[in-house]
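# Chains, contacts and geometry: an overview
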Amino acid sequence: MTTPTITSLAPLLDRLFDQDEAARGATRAAFADVTDADRARMMQSKTDYRDLYARLRDAPLAVSRETGNLLYMLARSSRAKVIVEFGTSFGISTLHLAAGLRDNGGGRLITSEFEPSKAARARENLKDGGLIDLVEIREGDALKTLSKDLPDQIDLVLLDGAKALYPEILDLVEDRLKPGAIIVADNADFSPDYLARVRHPGNGYMSTPFAGDVELTVRIN
């Protein structure tokens, strides 16, 4: 039996998750001068998020191990061939998604990252994992980088960048989502406009909270 790609990635993923854990103290220190209320406001703002992510330029901001496993499982179970990701960071979520593509026989993953240093780290991690050939990292503002040259049909979308921009990113990909396409939105509670949209029964989606901090959505028509 062929070893699943996600299994062979275990040492790399363990190292990256350990790095994420080790960086959390520095991440908290970056917000020592910011109240919880102001941080929540920054996460929900369509302008102040730039300051937020500037403070977090050195933070991995990894998905949880459980969410990573979920991403791989969804990619595999849906037989995804085309995936779009908003928010690469150091590439931990990207590795899980690309592993699913590899085990599906190949495909294409388009991901976006605003911070050049993070994009560079993600490329190195994807090279280490032997998955860089499946991934196109687009650097810059995702509202621009994901606004053109997308495939005609998208099977799976991960939203894990600036939470306030989730509705705008959905606008960019919505017409290309095939029926049955899956959208995973991390920390979606910080984007109430997005949640209202995908949970409304007349908008063509079924959506539900999943695993505490994830919103799982399926395009139904």
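Preceding this section is the structure that the text describes.
Reference entry: report on the structure contained in this document. (Residues numbered from 1 in each chain as written. Predicted model: local features only at pLDDT ≥ 70, side-chain atom pairs only at ≥ 80, totals over all residues. Heavy atoms only, no water.)

### What to know about a nonpolar patch on the surface
Judged by side-chain polarity, Met206, Val218 and Ile220 come together as a nonpolar surface patch covering roughly 260 Å² of accessible area. Within the secondary structure layout, valine 218 lies in strand β7 (residues 214–219). Judged by its relative accessible area of 30%, valine 218 falls in the partly exposed class. (Patch = residues over 30% accessible without salt bridge, like charges linked within 9 Å, V, L, I, M, F, W, Y side chains within 5 Å. Areas by Shrake-Rupley, 256 points an atom, 1.4 Å probe, with all protein chains shown as cover. Salt bridge = Lys/Arg side-chain N within 4 Å of Asp/Glu carboxyl O. Helix = DSSP H or I, 4+ residues; strand = E, 2+ residues; numbered from the N terminus. Buried < 20%, exposed > 50% of the residue type's maximum accessible area, 1.4 Å probe, protein only.)

### Considering the packing of helix α6 (residues 65–77) against helix α7 (residues 92–103)
For the pair α6 and α7, the least separation of the axes is 8 Å and the interaxial angle reads 25°. Relative to α7, the element α6 is oriented roughly parallel. Viewed along their axes, α6 and α7 form a crossing whose handedness is right-handed. Along the contact surface, α6 presents Gly68, Asn69, Leu71, Tyr72, Ala75 and Arg76, while α7 presents Ser93, His96, Leu97, Ala99, Gly100 and Asp103. (Axes fitted to C-alpha atoms, helices over the stretch in contact; angles between N-to-C directions. Parallel < 35°, antiparallel > 145°, perpendicular 65-115°, else oblique. Left-handed = near helix turned anticlockwise from the far one by under 90°. Contact = heavy atoms within 4.5 Å.)

### Here we look at the pairing of strand β3 (residues 135–139)
Regular strands place their side chains on alternate faces of the sheet. Taken together, the 5 bridges between strand β2 (residues 108–113) and β3 define a ladder with parallel strand orientation. Paired with glutamate 113 across the bridge in β3 is glutamate 139. Note that the unit made of β2, helix α8 (residues 116–128) and β3 has a crossover that is right-handed. (Pairing = 2+ DSSP bridges. Right-handed = clockwise from strand over helix to strand, strands pointing away.)

### Quick word on the packing of aromatic side chains
Considering all chains together, one arrives at 2 aromatic pairs under this definition. When the ring of phenylalanine 86 is compared with that of tyrosine 166, the centres are 6.3 Å apart and the planes differ by 80°; the resulting orientation is edge-to-face. Taken as a pair, phenylalanine 86 in strand β1 (residues 82–86) and tyrosine 166 in helix α10 (residues 166–173) lie far apart in primary sequence, 80 residues in all. For the pair formed by phenylalanine 86 and tyrosine 166, the shared burial category is buried. Ring geometry for tyrosine 166 versus tyrosine 194: centroids 5.7 Å apart, planes at 80°, classification edge-to-face. Placement of tyrosine 166 in helix α10 and of tyrosine 194 in helix α11 (residues 192–199) is noted, with a sequence separation of 28 residues between them. Across the pair, tyrosine 194 and tyrosine 166 agree in class, each one buried. In this structure, arginine 121 is placed above the aromatic ring of phenylalanine 90, and the distance from its NZ or CZ to the ring centre is 4.2 Å. (Phe/Tyr/Trp six-rings, centres within 6.5 Å; stacked < 30°, edge-to-face > 60°. Lys NZ or Arg CZ within 6 Å of the ring centre and 35° of its normal.)

### Focus on the nonpolar core
Counting residues in each nonpolar core, the largest one holds 34 residues, and the members touching the most others are Leu9, Ile83, Leu95, Leu131 and Val184. Going through the elements one at a time, α2 (10–22), α6, α7, α8, β3, β4 (154–159), β5 (177–186) and β7 are the ones with two or more residues in this core. Considering each element in turn, this core owes the most residues, 6 residues, to α7. What isoleucine 83 contacts, discounting residues up to four positions off in sequence, is Ala75, Leu97, Leu101, Arg108, Leu109, Ile110 and Leu156. One finds Val84, Ile154, Val173 and Tyr205 within the second-largest nonpolar core, a separate group that totals 25 residues. (Core = buried A, V, L, I, M, F, W, Y, C linked by side-chain atoms within 4.5 Å.)

### Structural notes on unusual backbone geometry
Of note in this structure, arginine 79 is not a glycine but carries a positive phi near 55°. Mapping arginine 79 onto the fold places it in the loop between α6 and β1. Not every positive phi belongs to a glycine, and asparagine 187 is a case in point at roughly 55°. Residue placement: asparagine 187 occurs in the loop between β5 and α11.

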